[in-house]
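# Architecture at a glance
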Amino acid sequence: MKKRMIAAMLTAMTVLSVFGMTAMADDDELVLFTWENMFPQEVLDGFTEETGIKVVYSNFDTDETMLEKLSQAKGGDYDVIVADDYIIEQAVSEGLVSELDKDTITNFGNINPLYQGQFYDPDDKYTVPYGAGIPLIVYDPDLVDFEIKGYSDLWNDELKDQVAITANYRVINGITLLSMGKSMNEEDVSVIEEAGQKLLELAPNIRLIQDDNTQNSLLNGEASVAFLYTSQVTQVLAENPDLKVVYPEEGLGFGIMGAFIPSEAPNKAAANEFLNYILEPENAAKCMDYIGYYNTVKTADDLVNPDLVVPDSVTKGEIIQNVSAEADEAYNKNWTEFKAACGQ
């Protein structure tokens, strides 16, 4: 009997020991879920050195894949997720996102207000912005005889057959609407049709419409003006720093990646620590320099590549959102007719 009791006690102690080790391992681990190559290893290693918490890096290929896996896990499995603005709105609406512990995230005030209060998190309760994608106008001042200040200048007759643009139908419709003083997310079909007519007036100035390597048209002289994605802007400036970047006076159109903590994250304490860590200016600068997105941490502006800092004069911007099927059909119609008028 005594032997059985001793054996039972040893078994119990072993179970408790294993359980305790597992719990301790969980406390010392943070599961980060995002795309590949979104954080420099030195930042992840620095977090581990500072906190003792190991970062387990897990990837997804699309935002939709992320949401599906998070839904299947019922808001669990992952501690911090970085994804795009529109998908975060869905995750929040499905109850899969935790409110941030701002008592722990003491660096929350470092965030640039330009990127806060957005549609997916209007009260800034759930997310920390992690880089912004901002399509911008870039031009060669040696080939353009006037100063370009905004989207409206793309319609200038002096730019006939000189403008290269990216091929996102909502973005191009959007900047046309901004040039009219309207929203990029206009729902009124009659207003969208007006934008379509204005787009047709731009057609004579268009040299090419393409998404890949659009910046090369500036470098090889095929175009004197280009409307480019963020990565293309940084690439073209690296090749030719004498080119001019325009932050359009009508306002920016941008997309934001946001970091959030799932509703049932296994290690919320570590997650809040991690978000606080990447909001430190030095770490934020390393992250933005690494991924090449516009810096969303205001206090890091002096540390990051200057090409990734939006000037203080820029105080407004808008993110493209989902619209009604009727409005989307009108946007598609505008785009089809515009490309035809451009011979593309």
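Just so it is clear, the structure is predicted and the values come from calculations on it, not from any experiment. (Residues numbered from 1 in each chain as written. Predicted model: local features only at pLDDT ≥ 70, side-chain atom pairs only at ≥ 80, totals over all residues. Heavy atoms only, no water.)

As a further point, take the overall build of the protein chain. Along its length, the protein chain carries eleven helices and twelve strands. The buried share among the 344 residues of the protein chain stands at 51%. For the protein chain, the exposed surface amounts to about 16100 Å²; the carbon and sulfur share of it is 48%. Looking at charge distribution, the protein chain has the averaged site of its 21 positive side-chain charges lying 7 Å from that of its 60 negative ones. (Helix = DSSP H or I, 4+ residues; strand = E, 2+ residues; numbered from the N terminus. Buried < 20%, exposed > 50% of the residue type's maximum accessible area, 1.4 Å probe, protein only. Areas by Shrake-Rupley, 256 points an atom, 1.4 Å probe, with all protein chains shown as cover. Lys, Arg positive; Asp, Glu negative; His and termini not counted. Charge placed at Lys NZ, Arg CZ, Asp CG, Glu CD.)

Read from one edge to the other, the open sheet built from five strands follows the order 2-1-3-11-4, with strand pairing classed as mixed. One side of each edge strand has no neighbouring strand; the edge strands of this open sheet are strand 2 (54-59) and strand 4 (127-133). Across the sheet, the mean angle separating the axes of adjacent strands is 20° when strand polarity is ignored. By the bridge criterion, two bridges tie strand 1 (residues 29-34) to strand 3 (residues 80-84) in an arrangement that is parallel. Its bridge partner lying in strand 3, F33 is registered against I81. Across the sheet, helix 2 (residues 41-51) touches strand 1 and strand 2, and the angle it forms with strand 2 is around 145°. (Pairing = 2+ DSSP bridges. Axes fitted to C-alpha atoms, helices over the stretch in contact; angles between N-to-C directions. Contact = heavy atoms within 4.5 Å.)

A few words now on helix 6 (residues 189-202). For an α-helix the count is 3.6 residues per turn, leaving residues at separations of three or four pointing the same way. Taking 1.5 Å per residue, 14 residues should reach 20 Å; helix 6 reaches 20 Å between its end C-alpha atoms and fits that length. For helix 6, the full list of buried residues reads V191, I192, A195, G196, K198, L199 and L202. Taken together, the buried residues of helix 6 touch helix 5 (169-179), strand 7 (206-209) and helix 11 (325-341). (Expected span 1.5 Å × (residues − 1).)

Before going further, it helps to spend a moment on unusual backbone geometry. Notably, D77 is not glycine yet its phi reads approximately 75°, a positive angle. Here D77 lies in the loop between helix 3 (63-72) and strand 3. Not every positive phi belongs to a glycine, and D124 is a case in point at roughly 55°. Checked against the element boundaries, D124 lands in the loop between helix 4 (85-93) and strand 4. On the basis of relative accessibility, which here comes to 16%, the residue D124 falls in the buried class.

In this section: the pairing of strand 5 (residues 136-139). Of the two faces of strand 5, both are covered, the one formed by L136 and V138 as well as the one formed by I137 and Y139. Judged from the four bridges that link them, strand 5 and strand 8 (residues 225-228) form a sheet pairing that is antiparallel. Directly across from I137, in strand 8, lies its bridge partner F227. As judged from the three bridges shared by strand 5 and strand 9 (residues 244-246), these two strands associate in the antiparallel manner. Looking at strand 9, one finds that I137 is bridged to V246.

With that out of the way, let us pick up the packing of aromatic side chains. If you walk through the whole model with that rule in mind, you get eleven aromatic pairs. Pairing F33 with F60 gives two aromatic rings, centres 5.0 Å apart and planes at 80°, and the pair type is edge-to-face. Of this pair, F33 sits in strand 1 while F60 sits in the loop between strand 2 and helix 3, placing them 27 residues apart in sequence. Grouping residues by exposure puts F33 and F60 together as buried. (Phe/Tyr/Trp six-rings, centres within 6.5 Å; stacked < 30°, edge-to-face > 60°.)

Okay, helix 8 (residues 230-239) next. Taken as a whole, helix 8 has its buried residues at T230, Q232, V233, T234, V236 and L237. As for helix 8, its buried residues are in contact with strand 4, strand 5, helix 7 (216-219), strand 8 and strand 9.

What follows deals with the nonpolar core. One finds F39, M66, Y130, F274 and L275 to be the most contacted residues of the largest nonpolar core, which totals 80 residues. With six residues, helix 9 (residues 268-278) is the largest single contributor of residues to this core. F274 has contacts with L30, L32, F39, L44, F47 and V80, leaving out every residue within four places of it along the chain. Of all hydrophobic cores here, the second largest spans 27 residues; its members include Y139, L159, I172 and M184. (Core = buried A, V, L, I, M, F, W, Y, C linked by side-chain atoms within 4.5 Å.)

Take the packing of helix 2 against helix 9 next. In helix packing, the relevant descriptors are the interaxial angle and the interaxial distance, both defined with respect to the helix axes. Two elements in contact, helix 2 and helix 9, have axes separated by 11 Å at closest approach and are oriented at 125°. As summarised for this structure, helix 2 and helix 9 are arranged oblique, according to the angle between their axes. In this structure, helix 2 meets helix 9 at a crossing whose hand is right-handed. On the side of helix 2, the interface is formed by V43, L44, G46, F47, E50 and T51, while helix 9 contributes A270, E273, F274, Y277 and I278. Tallied by class, the residues present in the contact of helix 2 with helix 9 amount to seven nonpolar, two polar and two charged. (Parallel < 35°, antiparallel > 145°, perpendicular 65-115°, else oblique. Left-handed = near helix turned anticlockwise from the far one by under 90°. Nonpolar A, V, L, I, M, F, W, Y, C, P; charged D, E, K, R; others polar.)

Shape is all these values report; function is a separate question.
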